[in-house]
Amino acid sequence: MRGQLMLEAVPAHWSDAEAADVLAPLCEVIGKDLDRGLAGRRPALSGWLG
């Protein structure tokens, strides 16, 4: 579900570079590394939310 949370915070059409500006503070609050937050978007972007 982490990917779904990341997509709720940042539109799916944004690139990782654009998303990083918004996701960095969110990842800090939830205690996740930004790289993991960005990686969490990828399965969600493909439609797999496991």
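Definitions and limits used
Residues numbered from 1 in each chain as written. Predicted model: local features only at pLDDT ≥ 70, side-chain atom pairs only at ≥ 80, totals over all residues. Heavy atoms only, no water. Core = buried A, V, L, I, M, F, W, Y, C linked by side-chain atoms within 4.5 Å. Buried < 20%, exposed > 50% of the residue type's maximum accessible area, 1.4 Å probe, protein only. Helix = DSSP H or I, 4+ residues; strand = E, 2+ residues; numbered from the N terminus. Contact = heavy atoms within 4.5 Å. pLDDT = per-residue confidence, 0-100. Bend = angle between axes of the 7 residues up to and from the residue. Polar contact = N/O pair within 3.5 Å; in protein donor to acceptor, adjacent residues only side chain to side chain.

### A few points about the nonpolar core
Core analysis: the largest hydrophobic core is formed by seven residues, namely Met6, Val10, Ala19, Ala20, Leu23, Cys27 and Leu38. Sort the elements by how many residues they give to this core and helix α2 (residues 16-30) lands first, with four residues. Setting aside chain neighbours within four positions, we find Met6 in contact with Leu23, Leu26, Cys27, Ile30, Gly37 and Arg41.

### Focus: the confidence of the model for the protein
Residues shown with low pLDDT carry predicted positions that ought not to be read at fine detail. Taken as a whole, the protein shows an average pLDDT of 81; of its residues, 84% reach a score of 70 or greater. Taken element by element, the predicted model of the protein shows its lowest mean pLDDT in helix α1 (residues 2-9) (75) and its highest in α2 (91).

### Some remarks on α2
The sharpest bend along α2 comes to roughly 45°, located at Val22, with the proline Pro25 sitting one to four residues further on. Along α2, the residues classified as buried are Ala19, Ala20, Leu23 and Cys27. Immediately downstream of α2, the backbone of Gly31 shows phi near 75°, a positive value.

### Thoughts on the side chain of Arg41
One can find Arg41 in helix α3 (residues 34-45). Of the polar contacts made by the side chain of Arg41, one reaches the side chain of Asp16; its length is 3.1 Å. Dropping the residues within four chain positions of it, Arg41 is found in contact with Gly3, Met6, Leu7, Val10, Pro11, Ala12, Trp14, Ser15, Asp16, Ala19 and Leu23.

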